[in-house]
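The residues making up each chain are set out below.
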Amino acid sequence: QVQLVESGGGLVQAGGSLRLSCAASGTIFSINAMGWYRQAPGKQRKLVARITSGGSTTYADSVKGRFTISRDNAKNTVYLQMNSLKPEDTAVYYCYAGIVSTRRDYGEYWGQGTQVTVSS
């Protein structure tokens, strides 16, 4: 089995920073893309940032220049450094990963979500 465990959410004032982490564990053979989505109350879950196994990144326009996604392949971990936070960044943040298991099965996995609240 595979699981993703997130950490690093919390309450921060506008203009502040937070760093989210998401570690994958279990019967992992390899990990393809990893990324972060967020969901604000009453809204759909949307992509925030994505990183491929080779390190190519994609960002939502709303976070470009403020957020940075990175990964440590040796630790099966993806990070999201969030700077210059705004109240509109308030949401539950979910990590995801495309993982090939040791049985060579492919699946997409999600973390449990971590709350980020930015006060004005």
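Data block above holds the structure.
Okay, so let's go over this structure. Throughout this description, residue numbers start from 1 for each chain and increase along the sequence as written. This being a predicted model, a pLDDT of at least 70 is required before a residue's local features are given, and a value of 80 or more before pairs of side-chain atoms are given or counted; all residues contribute to the totals for chains, interfaces and linings. In computing side-chain properties, one takes all heavy atoms of the structure into account and sets aside hydrogens as well as water.

### Details of the packing of aromatic side chains
Centre distance within 6.5 Å is the pairing criterion for rings of Phe, Tyr and Trp, where only the six-membered ring of Trp is used; planes under 30 degrees apart are then read as stacked, over 60 as edge-to-face, and the remainder as tilted. Applying the stated criterion across every chain, the model contains three aromatic pairs. Taking 5.5 Å as the distance between ring centres and 70 degrees as the angle between the ring planes, the aromatic pair formed by Y37 and Y96 counts as edge-to-face. Pair noted here: Y37 is in strand β4 (residues 28-39) and Y96 is in strand β9 (residues 91-101), with a separation of 59 residues, a long-range link. Taken together, a centroid distance of 5.2 Å and an interplanar angle of 65 degrees make the contact between Y37 and W110 edge-to-face. Within this pair, whereas Y37 is found in strand β4, its partner W110 is found in strand β10 (residues 106-110), the two being separated by 73 residues in sequence. Burial here depends on accessible area, computed with a 1.4 Å probe over protein chains only, as a share of the maximum for the residue type. Under 20% is buried, over 50% is exposed, and the range in between is partly exposed. Judged by relative accessible area, Y37 falls into the partly exposed class, the value being 22%. Taken together, the aromatic side chains of Y37, Y96 and W110 make up a single cluster linked through ring pairs. Secondary structure follows DSSP: runs of H or I at least 4 residues long count as helices, runs of E at least 2 residues long count as strands, and numbering of each begins at the N terminus.

### Notes on the environment of C95
Residue placement: C95 occurs in strand β9. The sequence separation of C95 and G111 amounts to 16 residues, and the corresponding C-alpha distance is 5.3 Å.

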